[in-house]
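Next come the chains, spelled out residue by residue.
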Amino acid sequence: MKFDIKDKGLREVGVKRIEWAHMAMPVLESIRKRFEKDRPLEGLTLGACLHVTTETANLAITLNAGGARVFLCASNPLSTQDDVAAALVTEFEIPVFAIKGENDKTYYDHINAIIDEKPNVTMDDGADLVSVLHSKRTDDLKNVMGGTEETTTGVIRLASMAENGVLNYPIVAVNDANTKHFFDNRYGTGQSTIDGVVRATNRLIAGSVFVVCGYGWCGKGLAMRASGMGANVVVTEVEPLMALEAVMDGFRVMPIAEAAEIGDFFVTVTGDVNVISVEAFKRMKDGAVVANSGHFNVELDLEGLEKITTKKREIREFTIEHTMKNGKRVYVLGEGRLINLAAAEGHPAAVMDMSFANQALCTEYIFNNHETLENKVYPVPIDIDREIARLKLAAMGVRIDTLTPEQQEYLSSWHIGT
Ligand SMILES: NC(=O)c1ccc[n+]([C@@H]2O[C@H](COP(=O)([O-])OP(=O)(O)OC[C@H]3O[C@@H](n4cnc5c(N)ncnc54)[C@H](O)[C@@H]3O)[C@@H](O)[C@H]2O)c1
């Protein structure tokens, strides 16, 4: 079996951590049990480009149980958990090509290693696998019947490919399922981003000015959690509706140029480029901490920052001190890569339970329906989304009401008024 990981010797820790995550993933567990029995993915080769975490390990094991051959590489050079990679290779015989801290060349070598296995379904987080297939490995496109996409940035890239007529196979946008972004992007990113910032800095959040750039699903969760820890949250936005929502949620909203002067912490979660420009860096207070939790590190103008840096040192793990020409110091966390995965462990398993239940069921959906699908980006079928919410509630022991016949009639009629 081919693989490329840091150290097989890390397996024992990885196995325990995968088990720990498994305990908080009851929905995925119920899917795994059915998959073991029915083997609905028999004959499928799946190329997955995902953050190699304990939760991803549980997804890979589930897909494997369904009969798929699974090959896994990282969707970010800094997000791999090397112990998990070791456990997957040694204990579960799932080939992994991922090493935490790999350089860009190795990152793409690993994506190519997955394509060498001729996947019929791709599973992406950020669309790098799809992008390589459509640009440098076009001969291998013929093997692919469909794919799934995990995150907002990936869905945006794929929608653009579909619009330009260059997408070669159907993709299901897992990110857009309600049981994904309502919870993963909001509560997952909210908690794990704070976790990453705290682990990297051990600074006090209470009483600080915490600037959240972008008030989408991730930004709302992050602002909520930072506020819960006693920070004065400032939001920056470009979308009037989102900015208005942030104001009504009780946060101060202002342009980044103004926020730059007052922030103690800055976290970008926009999916956009150069959200914190070199001009913003220059305006920051001495000691400001800057991180990104959006998919790519392009949200911070790190090249611009390099040009105005006179001295640079790693002051703590994942914390680089830049002394700027104006004499002030700023601290960039995790090379500007998603801080919740670079310095912490990514989302808690309980939210990934739903995201990855969507991945497992959408893989089955593509396998069964690819012949009727066009080369477009599709939403997750509503029945899958509802079923996951139902299973999650059941696993949490939460019961809800059902509509009475009278209510059903009332809600579907336009005759009954005051
Ligand atoms: N860290 C993680 O684990 C994790 C998890 C889920 C999503 N993501 C990534 O986080 C990013 C955001 O995802 P989302 O689901 O919140 O997206 P979203 O589309 O819901 O929100 C993004 C928001 O950023 C705003 N924005 C865009 N440019 C801006 C700018 N220059 N300044 C201020 N605001 C700006 C947009 O108006 C929008 O409201 C994406 O890159 C996504 O892939 C990361």
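Residues numbered from 1 in each chain as written. Predicted model: local features only at pLDDT ≥ 70, side-chain atom pairs only at ≥ 80, totals over all residues. Heavy atoms only, no water.

Undergrad: If you had to explain the layout of surface pockets to someone new, which residues and values would you point to?
TA: The calculated volume of the largest pocket comes to roughly 1100 Å³. Lining the largest pocket are 50 residues, and of these Thr152, Cys218, Val269, Thr270 and Gly271 sit closest to its centre. Within the residue set of the lining of the largest pocket, elements represented by two or more residues are α3 (54–65), α7 (152–163), α8 (178–201), α9 (217–228), α14 (339–342) and α15 (349–369). Here the residues of the lining of the largest pocket sort into 17 nonpolar, 22 polar and 11 charged. Computed from the structure, the second largest pocket encloses a volume of approximately 270 Å³. (1 Å grid on protein atoms, 1.4 Å probe; cavity = no way out; pocket = protein on both sides within 12 Å on 5 of 7 lines; lining within 4 Å. Points joined across faces, edges and corners; volume = space filled by probe spheres on them. Helix = DSSP H or I, 4+ residues; strand = E, 2+ residues; numbered from the N terminus. Nonpolar A, V, L, I, M, F, W, Y, C, P; charged D, E, K, R; others polar.)

Undergrad: Can you tell me about the sheet that holds strand β5 (residues 146–149), naming the residues and giving the values?
TA: In a beta sheet, neighbouring strands are held together by backbone hydrogen bonds and run either parallel or antiparallel to one another. Reading across from one edge, β3-β2-β1-β4-β5-β6-β15 is the order of the 7 strands in this open sheet, with parallel pairing throughout. Looking at strand neighbours, the two that pair on one side only are β3 (96–97) and β15 (377–379), the edges of this open sheet. Taken together, the 6 bridges between strand β1 (residues 45–50) and strand β2 (residues 69–74) define a ladder with parallel strand orientation. Within the sheet, the bridge partner assigned to Leu46 lies in β2 and is Val70. Here α3 sits on the sheet and contacts β1, β2 and β4 (121–124); the angle it forms with β2, its principal contact strand, is near 160°. (Pairing = 2+ DSSP bridges. Contact = heavy atoms within 4.5 Å. Axes fitted to C-alpha atoms, helices over the stretch in contact; angles between N-to-C directions.)

Undergrad: Describe the site of the ligand, listing the residues and the values that go with them.
TA: Around the ligand lies a shell of 25 residues, among which Thr151, Thr152, Thr153, Glu237 and Ser293 are the nearest. The separation between an oxygen atom of the ligand and a polar main-chain atom of Cys218 is 2.9 Å. One nitrogen or oxygen atom from the main chain of Ser293 is found 2.8 Å from a nitrogen atom belonging to the ligand. In isolation the ligand offers 860 Å² of accessible surface; the protein chains occlude 86% of this area. When atom positions are compared with the pocket grids, the ligand is found to occupy the largest pocket. (Near = heavy atom within 4 Å. Polar contact = N/O pair within 3.5 Å; in protein donor to acceptor, adjacent residues only side chain to side chain. Areas by Shrake-Rupley, 256 points an atom, 1.4 Å probe, with all protein chains shown as cover. Sits in = over half its atoms within 2 Å of the grid points.)

Undergrad: Account for the nonpolar core, with residues named and values stated.
TA: Residues Leu44, Leu46, Val52, Leu59, Leu63, Leu88 and Val96 are the most contacted members of the largest nonpolar core, which totals 54 residues. Looking at this core element by element, the count peaks at 11 residues for α15. Beyond its immediate sequence surroundings of up to four residues, Leu46 is in contact with Leu63, Arg69, Val70, Phe71, Pro119, Val121, Met123 and Thr363. Counting 25 residues, the second-largest nonpolar core is a separate cluster that includes Phe210, Ala246, Val267 and Ile339. (Core = buried A, V, L, I, M, F, W, Y, C linked by side-chain atoms within 4.5 Å. Buried < 20%, exposed > 50% of the residue type's maximum accessible area, 1.4 Å probe, protein only.)

Undergrad: Now, about the pattern of salt bridges: what can you tell me, with residues and values included?
TA: Counted under the stated rule, the structure contains 27 salt bridges. Two residues, Lys285 and Asp264, come together in a salt bridge whose shortest N-O distance is 2.9 Å. In this pair, Lys285 sits in the loop between α12 (278–283) and β11 (288–292) while Asp264 sits in the loop between α11 (256–262) and β10 (265–268), placing the two residues 21 residues apart along the sequence. In this structure, Lys392 and Asp353 form a salt bridge, with 3.0 Å as the shortest nitrogen-oxygen distance. Highlighted residues: Lys392 in helix α16 (residues 382–396) and Asp353 in helix α15, separated in sequence by 39 residues. Across the pair, exposure class does not vary: Lys392 and Asp353 are buried alike. (Salt bridge = Lys/Arg side-chain N within 4 Å of Asp/Glu carboxyl O.)

Undergrad: Describe α9, and please don't skip the residues or the numbers.
TA: The end-to-end C-alpha distance of α9, which contains 12 residues, comes to 17 Å, matching closely the 16 Å that a straight helix rising 1.5 Å per residue would cover. Among the residues of α9, Cys218, Gly219, Lys220, Gly221, Leu222, Ala223 and Ala226 are the ones counted as buried. In this structure, the buried side of α9 is in contact with α8, β7 (209–213), β8 (232–236), α10 (240–248) and β10. (Expected span 1.5 Å × (residues − 1).)

Undergrad: For the sheet that holds β7, give the residues involved together with the corresponding values.
TA: Overall, mixed pairing links the 8 strands, which are arranged β9-β8-β7-β10-β11-β14-β13-β12 in an open sheet. Lying at the two open borders of the sheet, with one neighbouring strand each, are β9 (252–253) and β12 (309–316). Across 6 bridges, β12 lies against strand β13 (residues 319–324) in antiparallel orientation. In the strand pairing of β13, Lys312 is matched with His322. Along the sheet, α9 makes contact with β7, β8 and β10, crossing β7 at roughly 170°.

Undergrad: Quick one: what's the story with the side chain of Lys180, residue by residue and with numbers?
TA: By the element assignment, Lys180 lies in helix α8. Residue classification places Lys180 among the buried positions, given a relative accessible area of 2%. Apart from residues no more than four positions distant in its own chain, Lys180 is found in contact with Glu150, Thr151, Val174, Asn175, Asn185, Ser355 and Asn358.

Undergrad: Describe in detail unusual backbone geometry, supporting the description with residues and values.
TA: At Asn202, a residue that is not glycine, the phi angle is positive and equals roughly 50°. Inspection of the secondary structure assignment puts Asn202 in the loop between α8 and β7. Looking at Asn202, the relative accessible area reads 60%, which means it is exposed. Look at Asn274: it is not a glycine, yet its phi comes out positive at around 45°.

These figures come from the coordinates and say nothing about function on their own.
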